[in-house]
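Coordinates in review
In case you want the letters, here they are:
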Amino acid sequence: MSTDVEPSVIQATEVAAQLPLVVDDPVAQRFRVHRSAMTSPEIHRAEVERIFAKSWLYVGHESEIPEPGDFVRRPVGGRPILMVRGVKTGNVNVFHNTCTHRGALLCRQESGNSKVFQCFYHAWTFDSEGRLKGVPDRDAYAGGLNFDDLALKRVARVESYRGFVFASFDPGIVDLHTYLADAKDYIDLVIDGCGGQVEIVGGTHQYSFDANWKLLVENSIDGYHAESTHDTYLKYLVSIGTDLRGGVSGRAIDLGNGHAVIEYSAPWGRPVAKWEPLFGEDARTEIDRLRTDLVARHGEGRAHTMAEVNRNMLIYPNLIINDIMAVTVRTFHPPAPDVVDVTAWELAPVNELPSLRQRRLDSFLTFLGPGGFATPDDLEALESCQQGFVSGGVEWNDISRGMGRSPLANDEEQMRAFWRRWQHQMGNAADLAGAR
Amino acid sequence: MTAIAPSQQAISRQQVEEFLYTEAALLDAWALGDWLLLFDEDAKYEVPCNDTPDGDPTRDLMLIDDNYARLTSRVDRLNSRRAHREYPHSRTNHQVFNVRVQDVSAEELSVTTSFTVWRFRGGRTSCYVGKYRYRLRRSDGGFRIAVKRAELDMTDLRSVGDVAIIL
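Every value quoted in this text rests on a predicted model; they were computed, and no experiment measured them.

A count of helical and extended segments in chain A gives 12 helices and 21 strands. Compactness check: chain A gives a C-alpha radius of gyration of 24 Å against a globular reference of 22 Å for 436 residues, within 12% of the reference. Seen along its three principal axes, the alpha-carbon backbone of chain A occupies a region of about 75 × 75 × 35 Å. Of all 436 residues assigned to chain A, the portion counted as buried reaches 47%. Residue pairs at least 24 apart in sequence account for 64% of intrachain contacts in chain A once pairs closer than 6 positions are excluded.

All names here are of chain B. In space, the 6 strands of this open sheet follow the order β2-β1-β6-β5-β4-β3, with mixed pairing throughout. On the outer flanks of this sheet lie β2 (62–67) and β3 (91–102), each paired with one strand and no other. Direction aside, the axes of adjacent strands within the sheet are offset by 20° on average. Looking at chain direction, strand β4 (residues 108–121) and strand β5 (residues 124–139) are connected through 14 bridges and run antiparallel. Residue pairing across strands places Thr-116 opposite Val-129, the latter belonging to β5.

So, on to the pairing of strand β20 (residues 339–349) of chain A. All names here are of chain A. The element β20 is largely enclosed, with a buried count of 9 among its 11 residues. Bridge count between strand β13 (residues 198–200) and β20: 3 bridges; the pairing is antiparallel. Following the sheet pairing, Val-198 is matched in β20 by Pro-349. Examined bridge by bridge, strand β14 (residues 205–209) and β20 share 5 bridges and lie antiparallel to one another.

A word on the confidence of the model for chain A. All names here are of chain A. For chain A, mean pLDDT is 94; residues scoring 70 or higher make up 95% of the total. Counted against residues more than four places away or in other chains, residues 1–5, with its pLDDT under 50, gives 2 contacts. In the predicted structure, residues 7–16 sits below a pLDDT of 50 and forms 4 contacts with residues beyond four places in sequence or in another chain.

With that settled, the discussion passes to helix α6 (residues 213–220) of chain A. Counting buried residues in α6(A) gives 8 out of 8 residues, a clear majority hidden from the surface. Those residues of α6(A) lying buried are A:Trp213, A:Lys214, A:Leu215, A:Leu216, A:Val217, A:Glu218, A:Asn219 and A:Ser220.

In this section: the interface of chain B and chain A. Taken together, the contacts link 30 residues of chain B with 32 residues of chain A. Of all the secondary structure elements, the ones that give two or more residues to the side of chain B that touches chain A are β1 (39–48), β2 and α3 (68–79) of chain B. The greatest single-element share of the side of chain B that touches chain A, amounting to 4 residues, is contributed by β2(B).

Rules used throughout
Residues numbered from 1 in each chain as written. Chains lettered and ligands numbered in written order. Predicted model: local features only at pLDDT ≥ 70, side-chain atom pairs only at ≥ 80, totals over all residues. Helix = DSSP H or I, 4+ residues; strand = E, 2+ residues; numbered from the N terminus. Rg over C-alpha atoms; globule rule 2.2 N^0.38 Å. Buried ≥ 20, exposed ≤ 12 C-beta atoms within 10 Å, placed from the backbone. Contact = placed C-beta atoms within 7 Å. Pairing = 2+ DSSP bridges. Axes fitted to C-alpha atoms, helices over the stretch in contact; angles between N-to-C directions. pLDDT = per-residue confidence, 0-100.

So, in structure tokens, the structure goes:
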């Protein structure tokens, strides 16, 4: 800011310092988010400290490392992390992927199986439980080396829920069960609907685009945009004989702690267990059988919810589980205010019949992913918003849709749940002065 | 390279290259309807994920796994004004080289090539690099595409965002 600012401007800035970036006005039934929340480098820096370092973040799924010594490495909250199943304990270990000696990345392979991890720089060697096992020429260290102190550094907290492994860099964070709040019930619906045991399918969608990460949060749980943004997808459904009557219809639910879900009926089919023309006539019997199985195990009501109701769920702050025409697990991290790195996987029942699996894989690609008939248009929308913010003139986004009524799936209550938590966690970092 | 029986008509690399250049030109001209005519009705168009270039669409998540019907829908979509990511269209430049012709039989042949596909839109430059694997069928002195598979060499799509264009 220049030093020769007029007094009236300084006054305005002081007033602004009191104003939060998220304005939740239940009286006027208006909910607004200041656009600097999406553009400000200061806000981005504060998010790294206050949100990504203080939340439970998704690391991966236990099915990715079924055998002792299996490992994957990936960024979590932007930091290089190593997840490995211990050879001795069978536990899922999550380590900072850095050699305790001089810092080099310990594991530089994306995935694999190994009993030991050797840093190539000076050949320090660690086992799959993180213990330091070998240091060349260790006699050179006067008084000896304390191998216990130099073990791989575990991420402060690691817990899992039904195979989903989460980590937090905050040693004082509440336990994962408490954190997940009502989202647990919806994770249960997804997994039990898949027969109780699920796995990540091979192949990863890793893409990036130039927009703020919170726009992707909103978009992932936004029912309102489906008809306008995804017109070509809906036309595709019609072309293969899908009945669009009924449209997208359902409700939005605040699941607590910033988590939220929309649950709704939609025209497309579901591998478990709603038939559509895409699946072919000969699939009807199998899908009916899956549906009958669900009823037998869970009763008609819950079976209906599992089989026919779609779920787009946000696990605050950056995990999406969308159980729609297939199940996708998507996490993301912002390296900058206007860039987001997305990693997405497909989740499927274990031991799924090959014919069912193929149908599921096919169904996924109709809509989802960087080559799907819908996701690219979402990226266009979000980049378009980010570019629009630069234009200025308009300071606030409006996220009021559906306030004052029982929120529908095409309302915006689920986004408000996210933003309220965001504002709470950001505290005084998320006010207008902080965003300058 | 498999030996060609004298009774079979020899296929020169130049013939194959000519066909592939024509295909590239149709894509760059956004003549997608004409491009689709190069495919047989049981054809496949596949793009595996960056981390699984040998991905099997019956078992693995792909980026694209189109049969002819889906490929037709992809073309319809890209030709509409409502495929927002590609309206207005990107300018593209499909470049094909390192062409190798293999497994030539009386009916079919396999072709592998390197490719770069440049994409320009809204001031942004993207470049896709990888390997094409074609299965071509002989047809009236020319070829038809039975399989086109684009295996990407980039370790991820971070630099290009998506595969909304046809590779």
